[in-house]
Amino acid sequence: MAKKVIGIDWDGVGSEGVIPEQNFFIITGRDESENDDIKEALAETKFKYKIYNYPHDNLADENGRAIKIGIFKAKTIKTLGIEKFFEDEEDQIQIINELAPKCECIKVIDGV
């Protein structure tokens, strides 16, 4: 059986040690300038990964930003054909479930 295409959020997921045992995508709200931290944390992984960063804007409203990041993640999930995505933010899980219903979105709590 072919492996599912997997994606993860970084903060609260990958940063807590939830790393797939296969090639994967990282879709994060982090700025691209922070990718070196991610790459350093994944230096020992034997799997390939690609990072997709939210294109930051000057939106001051933190709630509005979270919604925009959720929409960005859902669109990226659909574009990449991700079948399983690991996320820790409930509001973003709801957006992903609504906008990318073919993807199984798994809630990560405390790195589990």
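Residues numbered from 1 in each chain as written. Predicted model: local features only at pLDDT ≥ 70, side-chain atom pairs only at ≥ 80, totals over all residues. Heavy atoms only, no water.

### Some details on the environment of I27
By secondary structure assignment, the location of I27 is in strand β2 (residues 24-28). A relative accessible area of 0% means that I27 is categorised as buried. Sequence separation between I27 and I109 is 82 residues; the distance between their C-alpha atoms is 18 Å. (Helix = DSSP H or I, 4+ residues; strand = E, 2+ residues; numbered from the N terminus. Buried < 20%, exposed > 50% of the residue type's maximum accessible area, 1.4 Å probe, protein only.)

### Some points on the pattern of salt bridges
In total, this model carries seven salt bridges according to the counting rule given. Between K73 and D9 there is a salt bridge whose closest N-O contact spans 3.0 Å. Separated by 64 residues along the polypeptide, K73 in helix α2 (residues 62-80) and D9 in the loop between β1 (6-8) and β2 bring together distant segments of the chain. Comparing K73 with D9, the two get one shared label, buried. R30 is the salt-bridge partner of D37, the closest N and O atoms lying 4.0 Å from each other. Exposure remark for R30: the relative accessible area of 15% places this residue in the buried category. Through salt bridges that share partners, D11, R30, E34 and D37 make up one connected network. (Salt bridge = Lys/Arg side-chain N within 4 Å of Asp/Glu carboxyl O.)

The analysis is restricted to geometry; functional conclusions fall outside its scope.
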